[in-house]
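Now for the letters of each chain:
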Amino acid sequence: MIIARSIDEVRQALNASSRPAFVPTMGNLHAGHIQLVDRAKPLGDCTVVSIFVNRLQFLPHEDFDSYPRTWEADCAKLEAAGCDVVFAPRENDLYPEAQTVKVHADPAMGDILEGAFRPGFFTGVSTVVMKLFMSVFAGKAQGVAVFGKKDYQQLMVIRQMVRQFALPIEVLGVETCRAQDGLALSSRNAYLSESERNQALQLSLALRALGRDALAAAGALASHLPALEAQAMAGLRQNGWQPDYLTVRRRRDLQAPQAGDALVVLGAAKLGSTRLIDNFEI
């Protein structure tokens, strides 16, 4: 397994590859990340995983400095999974000068939900993903990038970016990997205390209940939805959560649903000091 620390090094490592399969991560890898690697491997001639905690997507009060970094364990897991190249740039390698040129997501997609509660988040995400793509796929006629559906809105933003910039990259979304009890795996689950971990599934259960209620409303969903969402939020609050949103949207653009739309239910809420997100296509 090759470890590349700079853009030049990763491009050199991929010199003979005609179709890289790429999994971008921020490290602190768990079974969900390894599932992405497993899905990526047969899709390209070289499997690349990046490990980079991207300062641009953290707000000043968020956990950039304390975000868990588990380099040795991550490398061991990736080597066992058959990863070919680990791209682990230092901050000065990826951002050798202040990143004043940035990629801004379409506000209709990037300023709602996560974007509304974390202003600038999707600018940071889009900018770093574009830079990682240019590092890994430069000079390639084609490639594939694999993302988890747990970050559903992020996946939508990246797909739109790839489409509108005509990048020769297939973006594959992989179903969320869950613990045995159904909790979505997340690096931030490590922040939960034992009692909080026992409560954490309540977000997923609330989203599933909201989804069932939305399907039951059928043609009257538009008129019933605000009350259903408010009820779901209130239920979490009663259990000690601080919800940002629990909502039903149409899958294709995350806007308010209309009759006949394919739907997704999404939510974000804090339990103690830990903010969790989840979603289900319904």
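Details of the structure are given in the entry above.
Residues numbered from 1 in each chain as written. Predicted model: local features only at pLDDT ≥ 70, side-chain atom pairs only at ≥ 80, totals over all residues. Heavy atoms only, no water.

Peer 1: How do you make sense of helix α3 (residues 71–81) when you look at a structure like this?
Peer 2: Think of an α-helix as 3.6 residues a turn; residues three or four steps apart then line up on the same face. Listed in full, the buried residues belonging to α3 are Asp74, Cys75, Leu78 and Ala81. In an axial view of α3, the angular spread of the buried residues amounts to 130°, which keeps them on one side of the axis. The exposed residues of α3 that point more than 90 degrees off its buried face are Glu72, Glu79 and Ala80. Where α3 is buried, its residues meet β1 (2–4), α2 (31–40), β3 (46–51) and β4 (85–87). With its phi angle positive at about 85°, Gly82 sits one or two positions after the end of α3. (Buried < 20%, exposed > 50% of the residue type's maximum accessible area, 1.4 Å probe, protein only. Helix = DSSP H or I, 4+ residues; strand = E, 2+ residues; numbered from the N terminus. Arc of directions from axis to C-beta. Contact = heavy atoms within 4.5 Å.)

Peer 1: What is the right way to look at helix α8 (residues 152–164) in this model?
Peer 2: Helix length check: α8, at 13 residues, gives a terminal C-alpha distance of 19 Å against a target of 18 Å (1.5 Å per residue), a fit within 8%. Burial within α8 is extensive, with ten of its 13 residues counted as buried. Buried within α8 we find Tyr152, Gln153, Gln154, Leu155, Met156, Val157, Ile158, Gln160, Met161 and Val162. At the exit of α8 stands Ala166, carrying a positive phi of roughly 55°. (Expected span 1.5 Å × (residues − 1).)

Peer 1: I keep staring at the pattern of salt bridges and nothing clicks. Help me out?
Peer 2: Once their charged atoms are close, side chains differing in charge can pair, the charge on each being opposite to the other. Within the structure shown, the criterion is met by 15 salt bridges. One salt bridge in this structure joins Arg197 and Asp181, with 3.0 Å as the shortest N-O distance. Of this pair, Arg197 sits in helix α9 (residues 194–199) while Asp181 sits in the loop between β6 (169–174) and α9; the two residues are 16 residues apart in sequence, bridging distant segments of the chain. Of the residues examined, Arg197 reaches a relative accessible area of 26% and is grouped as partly exposed. Overall, the relative accessible area of 39% leaves Asp181 in the partly exposed class. Where Asp261 meets Arg250, a salt bridge forms, and the shortest distance between an N and an O atom there is 3.9 Å. In this pair, Asp261 is assigned in the loop between β7 (241–250) and β8 (263–271) and Arg250 in strand β7, connecting sequence segments eleven residues apart. The partly exposed category is assigned to Asp261, whose relative accessible area is 22%. Classification of Arg250 by relative accessible area gives buried; the value is 14%. Overlapping salt bridges, with partners in common, bring together Lys149, Glu175, Arg251 and Glu281 in one network. (Salt bridge = Lys/Arg side-chain N within 4 Å of Asp/Glu carboxyl O.)

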